[in-house]
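# Topology and contacts: notes
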Amino acid sequence: MLVVQKYGGSSVGDLDRIRVVADRCARRRRAGDDLVVVVSAMAGQTDHLISMANELVTTSQSESDGQWISSARVGDNAHQRELSQLMSTGEKVSAALLSMALNEAGCPAASLVGHQLGLRTDRQFTNARITGIEQSQVRRELDKGRVVVCAGFQGLDPEGNITTLGRGGSDTSAVAMAVAIGADVCEILTDVDGVYTTDPRVVSDARKIPRICYEEMIELASLGTKVLQIRSVEFAMKYGVAVHVRSSLNTNEGTMIVPEDESMEKVVVRGVALDRSEAKVTVTNCPDVPGTVAKLFGVLGRAGVVVDMIIQNASRSRRTDVTFTVPRADLTSSVEQLSQIDFIADDAEVGVLSDPEISKISIVGVGMRSHTGVAARAFEALANEGINVQMVSTSEIKVSVVVAAKYGELALRALHDAFGLAEAPRGADGG
Ligand code: ADP
Ligand code: ASP
Ligand code: MG
């Protein structure tokens, strides 16, 4: 078999763990599999590199300018180029160390970093998208019988600059590598046994999900479930790669991420996600005339702010409130941008309110397509806990609610219980 394995930051967090990973890889290799291993930076390294950069930059820029690094969306800024350059070093360190540990364990290995990987991206330095992989060097090393250890998270733009793939991007490096070399499976090895019905660190009776379809995993990842980067699952779905999320500390079967099959719609809710990273903005007393929301969201769009939930009420007095959520890191700059819009700056009746103290909780499952009353059940569970719902949004396979941040975890548990996710599964599949 040709296998791609990706080890996350905690799995390669110190030298002892790197030795454990090397042992595991060496055993797999000796059992006859060809192995390409993608590694993240050692736990905490990427944060440390970013905080050093922030310290340098915020001393020479105003505080709000300093936010460019945390929001990381300024495309062609010189700082973003250097930030990618800097962040990519974390993965280079762990790739070289793991390769050394493998050679030390008697298992021939070679690490590939930066330009050696052949991973091409667009020009968005710290949030780059993969455009292609030339896998010749990986192939050459495999043909020599070596384990190939690839530094995750990094690629090259068309000018040969180092780019990085966004936080958690080593997952996407691994899936892309699996596609490029035609691997039989892409294993994501992490510090949990698989994908759970919700974060097992927050809800102790969360259960491991044996099989989940790509669509559900994409929704969960985009709604705050950290275990996989969204783009990695989108890539896997597009190219039909089987992804196995499992623990790097044991050999238990984890979670298979697979195409949807008929049995999956029997389960109404597959998982529940909590997202604490958003903030709420309300523009009050907006004139209820054509062009109002176009101006609001046009300004934010041009500033690169990703707006999530949007609510606009019908007006009774030709004035209306518009409420929406933005990433919390972009809250200050969003309010600044909005305040400059003519109908906000010139009209004393219009106001901009912001609230960073919110949490978004989402229930996800392809079963929602064929079951009714799902939102009502969710609202009832929240009402029973005395939790006020501030905003709601739905799609075919999810319902999201915004509540006060202090109720976020309580709401998560209430919804997890209400849909029976803590109970033993009925079928072998949980479905
Ligand atoms: P890695 O460093 O291996 O990339 P991450 O920290 O990115 O690992 O992802 C693993 C973490 O994701 C777990 O430690 C867990 O707390 C968190 N997590 C959140 N939601 C879930 C979920 N539904 N199932 C499993 N893990 C989850
Ligand atoms: N080291 C990078 C991060 O912390 C990429 C990754 O771990 O996947 O975001
Ligand atoms: Mg991760």
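Just so you know, these numbers come straight off a predicted model, no measurement behind them.

On the surface, Asp205, Glu385, Asp417 and Glu423 cluster together into a patch of negative charge. As for its position among the elements, glutamate 385 is in the loop between helix H12 (374–384) and strand E19 (391–395).

It is worth spelling out the nonpolar core at this point. Counting 46 residues, the largest nonpolar core has Val4, Val36, Met217 and Ile257 as the members making the most contacts within it. For this core, the leading source of residues is helix H6 (residues 170–181), giving 6 residues. Every residue in contact with valine 4, bar those within four places of it in the chain, is listed here: Val36, Val38, Ala174, Met177, Ala178, Ile181, Ala183, Val185, Cys186 and Glu187. Ala22, Met42, Val149 and Ala151 belong to the second largest nonpolar core, which has 24 residues in total.

Before going further, it helps to spend a moment on the site of ligand 1. Around ligand 1 sit 17 residues in total, of which Thr190, Asp191, Tyr196, Asp199 and Arg201 are the nearest. Within the side chain of lysine 6, an N or O atom sits 3.0 Å from an oxygen atom of ligand 1. Within the side chain of aspartate 199, a nitrogen or oxygen atom sits 2.9 Å from an oxygen atom of ligand 1. When isolated, ligand 1 has an accessible area of 580 Å², and the protein chains bury 88% of it.

It is worth spelling out the site of ligand 2 at this point. Surveying the vicinity of ligand 2 reveals the residues Ser40, Ala41, Thr46, Glu91, Phe153, Arg167, Gly168, Gly169 and Ser170. In this structure, glutamate 91 approaches ligand 2 through a side-chain N or O atom, which is 2.6 Å from a nitrogen atom. Here ligand 2 has 260 Å² of accessible area as a free molecule, and 86% of this is covered by the chains. Class assignment for the residues of the shell around ligand 2 results in 2 nonpolar, 5 polar and 2 charged.

Below, the discussion takes up the packing of H12 against helix H13 (residues 408–418). In contact at an axis separation of 9 Å, H12 and H13 are set at 130 degrees when each is read in the N-to-C sense. By the angle between their axes, H12 is oblique relative to H13. Crossing of H12 against H13: the hand is right-handed. Between H12, through Arg377, Ala378, Ala381 and Leu382, and H13, the contact on the second element is made entirely by Ala411, Ala414, Leu415 and Ala418. Grouping the amino acids of the contact of H12 with H13 by side-chain chemistry returns 7 nonpolar, no polar and 1 charged.

Put simply, helix H1 (residues 15–30) and helix H4 (residues 78–104) touch, their axes get as near as 9 Å, and they point 55 degrees apart. The orientation of H1 with respect to H4, classified from their angle, is oblique. Seen from above, H1 lies across H4 with right-handed handedness. Contacts between H1 and H4 involve Leu15, Ile18, Val21, Ala22, Cys25 and Ala26 on the former and, on the latter, Leu97, Leu98, Ala101 and Leu102. Each residue belonging to the contact of H1 with H4 can be placed in one class, and the counts come to 10 nonpolar, no polar and no charged.

The strand order across the open sheet formed by 4 strands is E13-E18-E20-E19, and the pairing between neighbours is antiparallel. Each edge of the open sheet is held by one strand with a lone partner, namely strand E13 (271–275) and E19. With direction set aside, neighbouring strand axes in the sheet form an average angle of 15 degrees.

Rules used in this analysis
- Residues numbered from 1 in each chain as written.
- Chains lettered and ligands numbered in written order.
- Predicted model: local features only at pLDDT ≥ 70, side-chain atom pairs only at ≥ 80, totals over all residues.
- Heavy atoms only, no water.
- Patch = residues over 30% accessible without salt bridge, like charges linked within 9 Å, V, L, I, M, F, W, Y side chains within 5 Å.
- Areas by Shrake-Rupley, 256 points an atom, 1.4 Å probe, with all protein chains shown as cover.
- Salt bridge = Lys/Arg side-chain N within 4 Å of Asp/Glu carboxyl O.
- Lys, Arg positive; Asp, Glu negative; His and termini not counted.
- Charge placed at Lys NZ, Arg CZ, Asp CG, Glu CD.
- Helix = DSSP H or I, 4+ residues; strand = E, 2+ residues; numbered from the N terminus.
- Core = buried A, V, L, I, M, F, W, Y, C linked by side-chain atoms within 4.5 Å.
- Buried < 20%, exposed > 50% of the residue type's maximum accessible area, 1.4 Å probe, protein only.
- Contact = heavy atoms within 4.5 Å.
- Near = heavy atom within 4 Å.
- Polar contact = N/O pair within 3.5 Å; in protein donor to acceptor, adjacent residues only side chain to side chain.
- Nonpolar A, V, L, I, M, F, W, Y, C, P; charged D, E, K, R; others polar.
- Axes fitted to C-alpha atoms, helices over the stretch in contact; angles between N-to-C directions.
- Parallel < 35°, antiparallel > 145°, perpendicular 65-115°, else oblique.
- Left-handed = near helix turned anticlockwise from the far one by under 90°.
- Pairing = 2+ DSSP bridges.

Function cannot be read off these values alone, since they describe shape.
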